[in-house]
Amino acid sequence: MELYEAMRSTPAMRSFKPDPVPRDVLRRVLDNARFAPSGGNRQGWRVVAVESPEGRRRLRELYVPHWEAYTQATGARALLDAPAPVEGVSARRLQMLRNADDFAHHLDDVPLHLVVCAELAALALVDRVLDRPSIVGGASIYPFVQNILLGSRAEGLGTSLTTIITAAEEDVRTLLGLPRGIAVAALVAVGSPAAPWPTKLSRRPLEEFAFAERWGESL
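Only a predicted model underlies this, so the values are computations on that prediction, with no experimental measurement involved.

Participant: Explanation requested: the side chain of arginine 153 in the structure shown.
Facilitator: Tracing the chain through its elements places arginine 153 in helix α6 (residues 142-154). Reaching out from arginine 153, the side chain makes a polar contact with the backbone oxygen of serine 9 at a distance of 2.8 Å.

Set out below in structure tokens:
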């Protein structure tokens, strides 16, 4: 499909059909995703494809406690547990939270889990000297992840990207046999969407995030 169309119509899919993802399609997506940029062209990404019911169940079991902690910390759990409607919160926002919560608790229903990992030695953390969390290292991994999302969309497959699984890294390491020096970067759930593709994604307008010459100056 046309690139801009794919960019504008690739949502975080929360509902999937149980149909398995054909191996040749998965290989085609990953074979094209590998052309993503990375620092020094080190290509530090690694992927473990988990399709077995037992493997997906174990990933869901590792994921859910950290999802619950996340919803508690962000206040989302209070909204999920409150009787609808919630004053000051749109019905659309509440439905989005409910969809995400249902996705988390039924993660193993998604037929393919791609656990994306990073070779730590291949990352250049040039911002590690700053007094804030490092964000630069991900620049060598997440363009590859975005290529997976776009490539899957071109194949008619839905995806949902989550990084919450990183909090369970040591358990994931044991489950998947990851060697030391390899970090968990993301989990991408992949499958045929059970709901229609959205006609329009909701995003901030250009004027709210893009500036010319100085912060706040209109582009």
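Participant: Can you walk me through the side chain of serine 140 in this structure?
Facilitator: Looking at the secondary structure, you find serine 140 in the loop between β2 (112-119) and α6. Look at serine 140 and you get buried, because its relative accessible area is 9%. A distance of 3.0 Å separates the side chain of serine 140 from the backbone nitrogen of glycine 39, its partner in a polar contact. With residues up to four places along the chain from it excluded, the contact list for serine 140 reads Pro37, Ser38, Gly39, Trp45 and Leu123.

Participant: Honestly, the pattern of salt bridges in this entry has me stumped. Any pointers?
Facilitator: Should the charged atoms of two oppositely charged side chains come close, the side chains can pair. One pass over the structure, following the stated rule, counts 16 salt bridges. A salt bridge links glutamate 155 to arginine 28, with the shortest nitrogen-to-oxygen separation between them at 2.7 Å. Placement of the pair is glutamate 155 in the loop between α6 and β3 (158-162) and arginine 28 in helix α2 (residues 23-33), with a sequence separation of 127 residues. Residues participating in the shared-partner salt-bridge network are Glu54, Arg57, Arg58 and Glu61.

Participant: Just checking my understanding: could you explain the packing of aromatic side chains for this structure?
Facilitator: Describing an aromatic ring pair means giving the distance of the ring centres and the angle of the ring planes. With the rule as written, the count across this model stands at 3 aromatic pairs. Between tryptophan 45 and phenylalanine 144, the aromatic rings sit 4.7 Å apart at their centres with planes inclined by 0 degrees, giving stacked as the arrangement. In this pair, tryptophan 45 sits in strand β1 (residues 45-50) while phenylalanine 144 sits in helix α6, placing the two residues 99 residues apart along the sequence. Comparing tryptophan 45 with phenylalanine 144, the two get one shared label, buried. Relative to tryptophan 215, the ring of phenylalanine 211 has its centre 4.8 Å away and its plane inclined at 45 degrees; by these criteria the two rings are tilted. The exposure class of phenylalanine 211 is partly exposed, given its relative accessible area of 27%. Overall, the relative accessible area of 77% leaves tryptophan 215 in the exposed class. The ring of tryptophan 197 carries the charged tip of arginine 153 above its face, separated from the ring centre by 3.8 Å.

Participant: Quick question: what am I supposed to make of the pairing of β2 here?
Facilitator: A regular strand places its side chains on the two faces of the sheet in alternate fashion. Most of β2 sits out of view: 7 of its 8 residues are buried. Bridge count for β1 against β2 is 6 bridges, and the pairing is antiparallel. Each bridged residue has a counterpart across the sheet, and for valine 50 the counterpart in β2 is histidine 113. By the bridge criterion, 8 bridges tie β2 to strand β4 (residues 182-191) in an arrangement that is antiparallel. Within β4, the position partnered with valine 115 by the bridge is leucine 187.

About the criteria used
- Residues numbered from 1 in each chain as written.
- Predicted model: local features only at pLDDT ≥ 70, side-chain atom pairs only at ≥ 80, totals over all residues.
- Heavy atoms only, no water.
- Helix = DSSP H or I, 4+ residues; strand = E, 2+ residues; numbered from the N terminus.
- Polar contact = N/O pair within 3.5 Å; in protein donor to acceptor, adjacent residues only side chain to side chain.
- Buried < 20%, exposed > 50% of the residue type's maximum accessible area, 1.4 Å probe, protein only.
- Contact = heavy atoms within 4.5 Å.
- Salt bridge = Lys/Arg side-chain N within 4 Å of Asp/Glu carboxyl O.
- Phe/Tyr/Trp six-rings, centres within 6.5 Å; stacked < 30°, edge-to-face > 60°.
- Lys NZ or Arg CZ within 6 Å of the ring centre and 35° of its normal.
- Pairing = 2+ DSSP bridges.

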